[in-house]
Amino acid sequence: METKWLEDFISLVETNNFSRSAALRHVTQPAFSRRIQSLENWLGTDLIDRTSYPTRLTPAGHVFYEQALEMLGQINGVRELLRNKRAAMQTTIDLAVPHTLSLTFIPKWITQLQDDFGAINSRLMALNVHDAVLQLVEGGCDLLLCYHHPRQPVQLDPGRYDMLVLGREALRAYARCDKNKKPEFTLPGTKADPLPFLSYTNNAYLGRMVELILSDTKTPLHLENHYETDMAEGLKMMALEGRGIAFLPESAVTRELKTKLLARADGGSTDWEIEMEIRLYREKPSPTRPGKPIVSRLWDHLGGKTVKRRSVPDSER
């Protein structure tokens, strides 16, 4: 059994609504329903009466609700106790970062920090965007670094979290260079001869960014899906093999562009690109959860530099 199943079940009891609880838990409704079913399978009994609407508990569900509250309270109490003791001596900054940024942005950023802030100890957790956000929300990390776009925002409460914009970068189409150092494939392609497309899976954040590009373009693109993965680095390697066109963050292809291994496959047009912010989040310090002193010093340092310290806009609540 996973503790998140208990949290899901408690949320469902409190809202009496699968859709609302799924939104509060930052998962899709089908995924949320599967997690409730996993809990029921583990217990060996139904907790939800699925013969009626609105959502209602079975007798077993009522009994288990009280037990779930008690179990979760004990688990969180032990975790908080251990974390408080550990934080008193700890000087390591725990970072939750999506896979792509962990490979492209983090190495140079950490190096720059050591030059102008001083040496820091850090622990990196490379995750998908959803799990990286959960690490911050559930207290599993000190800082969250992620991409942001206003049409695909990270939903974090501005009253609880601080945010800094560390930079911006574009997502564009790239393809392998031929012997003349020109891209082997160039957008937009034709209906009769669609271009081989290296795409992200549906659950990848960058995949949603590509969907925005494709939906907003004034010139239709003719693409035929040949391969998909949730990692930009995997698409880049396939593009280097000449397998097709891939939309990649510019920081992921800096070296390949300089060495003429890859080239822009959009003819230099801005019609098929999208710009994203690179954002850093932390939980706001409070008397009960002051956070690590090293994190506060680093945040103040970053806030005093060229980046602009901001709260999460109301439009993203």
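Scroll up to find the structure.
I will try to describe carefully the structure that is included in this document. Note that this is a predicted model, so its numbers are computed, not measured.

1. Side note on the nonpolar core
A general trend in soluble globular proteins is that nonpolar side chains are found buried together.
Then, in step 1: Ranked by size, the top nonpolar core spans 55 residues in total, and within it W109, L145, L171, Y200, F247 and L280 carry the most contacts.
Then, in step 2: Lining this core are residues from two domains, each supplying at least three of them: domain 2 (92–164 + 286–309) and domain 3 (168–276).
Then, in step 3: If sequence neighbours within four positions are ignored, W109 has contacts with L95, L166, L280 and L302.
Then, in step 4: Core analysis: the next-biggest nonpolar cluster, separate from the first, contains 20 residues, L12, A31, Y65 and L72 among them.

2. A closer look at unusual backbone geometry
Then, in step 1: For the bond from L187 to P188, the omega torsion is 15°, close enough to zero to count as cis.
Then, in step 2: Relative to the helices and strands, P188 is located in the loop between β6 (161–176) and β7 (195–200).
Then, in step 3: Phi is positive for N16, close to 55°, though the residue is something other than glycine.
Then, in step 4: Along the polypeptide, N16 turns up in the loop between α1 (3–15) and α2 (18–24).
Then, in step 5: The phi dihedral of K181 is positive, around 65°, even though this residue is not glycine.
Then, in step 6: Summarising the element assignment, K181 is placed in the loop between β6 and β7.
Then, in step 7: Classification of K181 as partly exposed rests on a relative accessible area of 47%.

Here is what the cut-offs are and how they apply
Residues numbered from 1 in each chain as written. Predicted model: local features only at pLDDT ≥ 70, side-chain atom pairs only at ≥ 80, totals over all residues. Heavy atoms only, no water. Core = buried A, V, L, I, M, F, W, Y, C linked by side-chain atoms within 4.5 Å. Buried < 20%, exposed > 50% of the residue type's maximum accessible area, 1.4 Å probe, protein only. Domains from an automatic or database assignment. Contact = heavy atoms within 4.5 Å. Helix = DSSP H or I, 4+ residues; strand = E, 2+ residues; numbered from the N terminus.

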